Structure formats: C-alpha cells, structure tokens
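Descriptive structure summary
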Amino acid sequence: MPVNKIYETCERAVADIYNGATIMIGGFGSFGGLPIHLIIALAKQGTKNLTIIANQGGVGFELSKRIKPGGYEDVGILVQNGQVKKFIGSMPALRGMPPTSPIETLHREGKMEIELVPQGTLAERIRAGAGGLGGFYTPTGVGTPVESGKEKRVINGREYLLEFPLTSDFALIKAHKADALGNLVYRGTARCFNPPMAMAAKITIVEVDQLVRTGELDPEAVVTPHLFVSRIVEVPR
Amino acid sequence: MKLRLDEETIALRAAKEFDDGMVVNLGYGMPGLCANFIPEGRTVFFQSENGILGYGPLLTDEEKDYELINASDQPVTSLPGMSFFDSATSFDMIRGGHIDLVILGAYQVSEKGDLANWGRPGRPATGMGGGMDLALGGKKLMVMMLHTTKEGAPRIVRQCTFPLTARNCVKKIFTDIAVIDVTRRGLVLREVAPAWTSEEIQALTEPKLIIGEDLKEIEL
C-alpha cells in the first residue's frame with residue numbers, strides 16, 4: 001500500500017513548514033500557474049525568515065488588480081506579512097509597475113535580501129539541483145552585473161560563467177490534475193516553472209484542480225512522475 | 001516639432017523582418033505589438049519564454065484565460081500545432097540558438113550593440129527576467145525603442161550607462177525616427193521617418209552615424 005499523499009486542506013499540507021525554510025514557489029509570476037491557495041495557507045500559517053525561490057517576487061493584491069480584474073494573491077502577500085528574508089529570482093519587481101510592490105518597498109528599506117538570477121539560469125540551476133549536478137557553465141550574464149564574483153571559463157572560444165545548483169526544503173506547485181500516486185499533468189502556460197521545481201525540493205506540495213483515480217492519467221502525458229511528489233491537495237476550480 | 005512614428009507604426013516596420021516560417025520571440029512592452037503585423041502570406045511561430053510555441057493573436061480582457069498567456073501576461077489565442085513546455089526547456093530553445101529572431105525593448109543601445117534593457121537608476125529591485133538569455137541566445141537580435149528619453153537625451157549612446165543585458169548583441173534598431181544597423185564599421189543609418197533628415201537624426205544620436213548608401217524613408 002503506497003503512502004497516502006492526499007491532504008484535505010492546504011492549511012494541513014503546509015502546517016510543518018518551519019522558520020528559516022527555503023521554499024520554491026512555481027508559476028511564472030502572475031495568476032496562471034501560481035499555487036495561490038498554498039501561498040494563502042502559508043501566509044496564514046505565518047512561518048518567518050523564509051528564503052523564497054520564484055521567478056517573480058509578486059506585486060501584492062492591490063497592484064494585481066491592474067493586471068487582473070478583482071486581483072489575485074501572489075508571493076507578494078508573504079513579503080507583505082514580513083515572512084520573507086531573502087528572495088532568489090529573475091524579476092523581484094516588475095519594471096512596468098510603479099515602485100510600490102511589497103518586495104521593492106522592503107528592499108529599499110534594507111529589510112530584504114535579493115539574489116537576481118536571469119530566468120534561464122534560474123530554470124537551469126533548479127534543474128541542476130533536481131538532477132544532482134554540481135553546476136554548469138552558461139554564457140548568460142557575461143559582461144553584465146550578473147558575472148560579479150563568478151568563475152569565468154572560455155570553452156570553444158566563448159566565455160561562460162559557472163552557476164551552482166538550487167534545491168529547497170519545500171516546493172509549492174500548481175498542476176492541473178494529479179492521480180492518487182502523485183503523477184502530474186499541467187494545463188497551458190501554467191506549466192512554466194512548476195515541473196523543474198517539483199523535482200528539486202525535499203518535500204513537494206502540489207495544489208491541483210482535479211484529483212483522479214490512479215490509472216486515469218495517460219502515462220504518455222504525465223509530465224511529473226509521482227516519485228517527485230510528497231503531498232497533494234485538490235482545490236476545485 | 002517633427003512628427004515621430006507611434007508605437008504601432010514602429011511595430012509595423014519591425015514586423016517586416018518576419019520571414020516565412022521563422023520562430024520569433026517578442027519581448028516585454030512595445031515588441032509585443034509586432035504580433036499584430038505579420039506580413040501577409042507569411043507564417044510565423046511565436047515562442048514565449050513562459051513555455052509556449054505557436055500561439056495566435058492577442059485576446060481581449062473579457063476572454064482572458066490565465067493559463068494561456070505570453071510572458072508579458074497578455075492572453076493569447078491557441079492555434080493548431082501549438083505546444084507547451086516547462087521553463088527549463090523554454091530556455092534550452094532560447095539559449096541554445098533555436099529561436100530565429102528576438103525583438104526586445106531597450107533603455108539604451110551602444111554603438112557596439114551592447115544592450116541595456118532591465119535596470120534603471122533608483123530601481124535596484126527590478127530584474128532582467130529572461131532578457132539576458134534572449135539577448136544572446138537568439139540567432140538575430142533586433143531592438144525597438146524610442147530614439148530619445150522624455151527629456152530629449154539620446155538612447156543610442158557610445159557606452160551604456162544603465163546596467164547591461166548583454167554585450168555586442170544588437171543587430172538592428174527600430175526607433176520612432178530611424179532604422180539603424182549595428183555593423184562592425186559602426187552604426188549605419190538605413191531609413192528615416194518621413195520629413196526627417198540624416199543630420200536631424202545624428203543630432204539626437206550620440207555616436208557618429210554612417211549614412212547608408214541607399215538611405216531612404218521608412219517603408220510601411
């Protein structure tokens with residue numbers, strides 16, 4: 001009998017996330033692809049000193065109304081709550097927005113550490129972490145502020161930077177469907193950072209639109225095989 | 001004041017660079033408008049770094065599906081042959097040289113084709129997103145930008161003063177008054193907006209422009 005991965009509520013699924021944990025949060029930044037209900041549960045749960053690894057830092061509820069009628073919760077609510085000490089990602093604050101996002105405000109006040117990572121390098125560092133690699137060389141960032149402090153190496157006449165893997169204690173993931181074992185399929189552009197992050201955490205917690213019986217997912221269509229998944233919560237759309 | 005091209009018209013000109021069958025990535029902001037101006041009779045496959053290839057025209061707000069968007073958060077339509085993939089695969093496409101043409105916005109471009117398009121003074125928390133990978137990974141990089149700042153200062157400069165996205169990467173620049181090629185010899189002025197002279201363009205451009213032999217008015 002396989003272990004039961006199904007949790008009744010998002011609150012229970014995130015209950016043991018501890019102070020100082022490193023958490024990957026899937027999605028691209030805006031509404032589609034973000035595990036919004038898990039983020040809200042983590043905000044209620046209140047754990048502090050978190051390091052968040054995510055593509056975007058979130059705009060917070062108020063600014064999000066400009067992007068989506070009615071607004072939506074994002075990583076910004078954890079920042080607003082004072083739960084985040086460090087953010088690792090490619091777009092902490094959006095340049096098309098006024099400089100009032102939660103992360104930009106706290107960073108300006110010196111209360112938030114930011115590690116800026118180009119988006120492709122972020123994806124690859126997560127994949128390297130997931131796959132047990134020690135790092136990789138990328139041409140991205142050569143000759144820019146990103147190269148600061150990094151080993152540079154010429155390979156076949158081109159300059160590359162050494163980048164190190166990223167892993168985390170927890171990952172909060174959004175998928176479309178899961179079966180009871182934890183096999184996952186995604187929907188549209190909501191896939192984005194979810195599959196690599198699901199593979200790079202010690203404990204991967206997934207919010208799905210629909211939970212189906214084992215055997216109902218086409219094995220050819222499974223994107224994230226179940227061994228990467230620790231917990232599943234169904235939040236019907 | 002002489003008339004400058006509006007953003008739609010710059011996009012219309014830039015989109016003339018789309019060849020039949022090309023895979024194209026359009027950056028945040030102004031470049032996204034190019035999707036509406038594919039030259040007639042050509043098929044273009046738009047890739048967006050959030051993990052989609054082969055999407056169709058943009059949708060209006062009322063029809064938004066937030067699980068079918070491009071990287072600028074714009075909802076798009078689906079087309080036959082479209083595919084989805086994760087972020088790591090998306091940047092394999094980008095960094096690995098599998099995208100034929102990338103068009104990005106810019107704060108500054110230098111005479112050597114250095115690009116600065118993400119950081120602004122006073123905004124240390126804004127990030128580069130996928131810009132650094134896109135700038136060096138596409139087979140060809142073009143830039144769409146306003147020729148000068150709101151205060152009238154040149155954005156095409158000898159050396160970028162804003163944080164760099166990548167060095168020696170821009171091949172062609174479309175602005176509201178000119179089309180300029182970045183070459184080994186320097187910046188070559190190819191086209192000017194209606195009623196503008198090359199002297200007037202030079203006065204708003206920091207590096208010395210080489211006047212193209214076949215200099216002409218921007219064709220729309």
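Conventions we followed
- Residues numbered from 1 in each chain as written.
- Chains lettered and ligands numbered in written order.
- Predicted model: local features only at pLDDT ≥ 70, side-chain atom pairs only at ≥ 80, totals over all residues.
- Helix = DSSP H or I, 4+ residues; strand = E, 2+ residues; numbered from the N terminus.
- Rg over C-alpha atoms; globule rule 2.2 N^0.38 Å.
- Buried ≥ 20, exposed ≤ 12 C-beta atoms within 10 Å, placed from the backbone.
- Contact = placed C-beta atoms within 7 Å.
- Pairing = 2+ DSSP bridges.
- Axes fitted to C-alpha atoms, helices over the stretch in contact; angles between N-to-C directions.

Summing up its helical and strand segments, chain A has seven helices and twelve strands in all. For 237 residues, the compact-globule estimate of 2.2 N^0.38 gives 18 Å, and the C-alpha radius of gyration of chain A, at 18 Å, lies within 12% of that figure. Dimensions of chain A along its principal axes, counting C-alpha atoms only, are 50 × 45 × 30 Å. Relative to its full complement of 237 residues, chain A shows a buried share of 50%. Sequence-distant contacts in chain A: of pairs separated by 6 or more residues, those separated by 24 or more amount to 76%.

A word on the interface of chain B and chain A. Between chain B and chain A, the residue contacts involve 35 residues of the former and 42 residues of the latter. Contributions of two or more residues to the side of chain B that touches chain A are made by helix 2 (87–95) and helix 3 (131–137) of chain B. For the side of chain B that touches chain A, the element with the highest residue contribution is helix 2 of chain B, accounting for five residues.

Structural remark: α-helix, 3.6 residues per turn; residues separated by three or four positions point the same way. The complete set of buried residues in helix 1 (residues 7–14) of chain B reads B:Ile10, B:Ala11, B:Leu12, B:Arg13 and B:Ala14. Taken together, the buried residues of helix 1 of chain B touch strand 5 (101–105), strand 8 (141–144), strand 10 (172–174) and strand 11 (178–183) of chain B.

Attention now goes to the sheet that holds strand 4 (residues 83–84) of chain B. Residue and element names in this part refer to chain B. Taken in spatial order, the ten strands make up an open sheet running 4-3-2-1-5-8-10-11-12-13, and their pairing is mixed. Every interior strand has two partners, whereas the edge strands, strand 4 and strand 13 (209–217), have only one. Against the sheet, helix 1 makes contact with strand 5, strand 8, strand 10 and strand 11, and its axis sits at roughly 160° relative to strand 8, the strand it touches most.

On to the sheet that holds strand 8 (residues 158–163) of chain A. Residue and element names in this part refer to chain A. Strand order in the open sheet made by the three strands is 6-8-7, with antiparallel pairing throughout. The sheet terminates laterally at strand 6 (136–138) and strand 7 (152–155), the two strands that pair on one side only. Adjacent strand axes in the sheet meet at a mean angle of 45° when their direction is disregarded.

With that out of the way, let us pick up the environment of A:Val208. With respect to the element layout, A:Val208 can be found in strand 11 (residues 201–212). Sequence spacing of A:Val208 and A:Arg231 is 23 residues, and the spatial spacing of their C-alpha atoms is 11 Å.

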